[in-house]
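Summary of the model geometry
One letter stands for each residue in the lines below.
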Amino acid sequence: APAAPHSASGELVATSGLSGVAPPARPGRRWTPRRVVATPPAYDHPHGRRIMALVEDQGIEVERLRSARLTGVRGENDRETYARAKSTMAIVVSPPSRRRLQPIAPSADWRFDLAEGCPAHCQYCYLAGSLSGPPVTRVYADLDDILDGLAAYAGQGTVTSRRPARRDEGTTFEASCYTDPLALEHLTGGWRRAVEHFGAWDAPVQLRWTTKFDDVDTFVGLAHRGRTRVRFSVNCLPVTTRFEGGTSRLADRLAALRRLALDGYPVGLTIAPIMPIDDWRASYGALLDDVAAAVDGVPGLDLTAELITHRFTPGSRDVLLGWYPRTRLEMDEEVRSRKHGKFGAVKYVYPAPVMADLRGWFETEISRRLPACRILYWT
Ligand code: SF4
């Protein structure tokens, strides 16, 4: 059997970016961090203690730090620091800045965070350049306070209220901006509590997250009341097998999507990052056909799609090339168009004719192959 992108012990082994050889997709497996640490403020929170108990129940020792400063993550060089950080999970209290929610158009009205960092190894990772320092996974002990703090934002926000197709969602809260929930749920139980919190909430609200994992066992049968939309981040096979190390296989993600849809969850596809690789029409056509098979016969199916093309910033490219020096991911400024973001930051996207070609194809083929699917946005 081929080597997994990260072993069950959390040890980093070769990914395609490091070896130059594309690994076949592997079934996702539950991440076992090599090192778990807890900072003193985290012990004061019931959820911090719940996480520690969950982790210890799985036979993983929790190292209790004497201060809130996380040490021992830096290695001799960048590669070693990356490997150490990626196999470390820290149980911490969320920074105060995270408690003031930010709008997160076009996905949702607001974003909130239950963790930051992810154990997978996608060579285009969205977190590169967004988070500073070594990529340690930090999970938040103050979950109960975080969830209680959301009430102040209900009824506010502009994304869903301004878009007629999304008004029925109520106020939307995105919980996967800086992490992958299903990669960590077995170690924290946090997103399960969030689903129940939204299910019990007496206001029109929706919890949303997107994932490249398939560990949905503990979500089936929860009192979700249709208030959580789980989107599976999917891509065509050449992209997912080449660039998404350490994630669940596409077929397993689609099987998980079906299970949640059958349990009455609204579900979705985050098709991202879309890349005009050779033969992209055939590859993405096969992806849409696989999705159609996965949702076949689901009663009352509520399926959406969010379509996101590949882009990079000079900062994210530098970080990614540091992490995956031999990646074959195209990040060539010469073949891209420059675009300025909200605060003047430069990003590189595909040129307008390529974008138009991709967009036209996706809109036509989704309505043809997945007629029940609503497209929420293209970017
Ligand atoms: Fe980054 Fe998402 Fe891949 Fe995790 S699953 S490595 S957060 S792109």
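Conventions and cut-offs
- Residues numbered from 1 in each chain as written.
- Predicted model: local features only at pLDDT ≥ 70, side-chain atom pairs only at ≥ 80, totals over all residues.
- Heavy atoms only, no water.
- Helix = DSSP H or I, 4+ residues; strand = E, 2+ residues; numbered from the N terminus.
- Rg over C-alpha atoms; globule rule 2.2 N^0.38 Å.
- Contact = heavy atoms within 4.5 Å.
- Areas by Shrake-Rupley, 256 points an atom, 1.4 Å probe, with all protein chains shown as cover.
- Pairing = 2+ DSSP bridges.
- Axes fitted to C-alpha atoms, helices over the stretch in contact; angles between N-to-C directions.
- Buried < 20%, exposed > 50% of the residue type's maximum accessible area, 1.4 Å probe, protein only.
- Arc of directions from axis to C-beta.
- Polar contact = N/O pair within 3.5 Å; in protein donor to acceptor, adjacent residues only side chain to side chain.
- Expected span 1.5 Å × (residues − 1).
- Salt bridge = Lys/Arg side-chain N within 4 Å of Asp/Glu carboxyl O.
- Near = heavy atom within 4 Å.
- Nonpolar A, V, L, I, M, F, W, Y, C, P; charged D, E, K, R; others polar.

1. With respect to the overall build of the protein chain
- A count of helices and strands for the protein chain gives 13 helices and 17 strands.
- In terms of overall dimensions, the protein chain is globule-like: its C-alpha atoms have a radius of gyration of 20 Å, near the 21 Å expected for 379 residues.
- Seen through its C-alpha atoms, the protein chain measures out along the principal axes to roughly 55 × 50 × 45 Å.
- For the protein chain, the share of sequence-separated contacts (at least 6 apart) that also reach a separation of at least 24 residues comes to 76%.
- Entry remark: accessible area of the protein chain is about 16100 Å², with carbon and sulfur atoms responsible for 51%.

2. Describing the sheet that holds strand β10 (residues 205–211)
- Read across the open sheet, the eight strands follow the order β4-β5-β9-β10-β11-β13-β14-β17; overall the sheet is mixed. Of all strands in the sheet, those bounded by a partner on one side alone are β4 (102–104) and β17 (373–378). Neighbour-to-neighbour, the strand axes of this sheet turn through a mean angle of 30°, independent of strand direction.
- Bridge count for strand β9 (residues 171–174) against β10 is four bridges, and the pairing is parallel. From the neighbouring strand, Glu174 faces β10, where its bridge partner is Arg208.
- In the packing of helix α13 (residues 352–369) onto the sheet, contacts are made with β13 (267–274), β14 (303–309) and β17, and the angle to β17 comes to roughly 165°.

3. Thoughts on helix α4 (residues 78–86)
- Looking only at α4, the buried set comprises Thr81, Tyr82, Ala85 and Lys86. Seen from one end, α4 has its buried residues packed into an arc of 120°, which puts them on one side.
- Packed against the buried residues of α4 are β3 (88–92), β7 (121–122), β8 (137–140) and α12 (314–323).
- Put simply, Asn77 is the residue that caps the front of α4, since its side-chain oxygen is 3.2 Å from the backbone nitrogen of Arg79.

4. Regarding helix α11 (residues 280–295)
- Here α11 is 16 residues long and its end C-alpha atoms lie 23 Å apart, about the 22 Å a rise of 1.5 Å per residue gives.
- Buried residues of α11: Trp280, Ser283, Tyr284, Gly285, Leu287, Leu288, Val291, Ala294 and Val295, and no others.
- The elements touched by buried residues of α11 are β11 (228–234), α9 (237–243), α10 (250–262), β13 and α13.
- Backbone geometry just after α11 places Gly297 at a positive phi near 75°.

5. Quick word on the pattern of salt bridges
- On inspection of all chains with the given rule, the structure shows 30 salt bridges.
- One salt bridge in this structure joins Asp144 and Arg193, with 3.9 Å as the shortest N-O distance. Highlighted residues: Asp144 in helix α5 (residues 143–149) and Arg193 in helix α8 (residues 190–200), separated in sequence by 49 residues.
- Judged by its relative accessible area of 24%, Asp144 is partly exposed.
- Classification of Arg193 as partly exposed rests on a relative accessible area of 33%.
- Residues Arg192 and Glu185 are paired through a salt bridge, measuring 3.2 Å at the closest nitrogen-oxygen approach.
- Taking relative accessible area as the criterion, Arg192 reaches 23% and is therefore assigned partly exposed.
- A residue is classified by how much of its surface remains accessible, and Glu185, at 1% relative accessible area, is buried.
- Each of Arg98, Arg111, Asp113, Glu116 and Arg138 takes part in a single network of salt bridges with overlapping partners.

6. Description of the site of the ligand
- Taken together, Cys118, Ala120, His121, Cys122, Cys125, Tyr126, Leu127, Asp180 and Lys212 make up the full set of residues near the ligand.
- Partitioned by chemical class, the residues of the shell around the ligand number six nonpolar, one polar and two charged.

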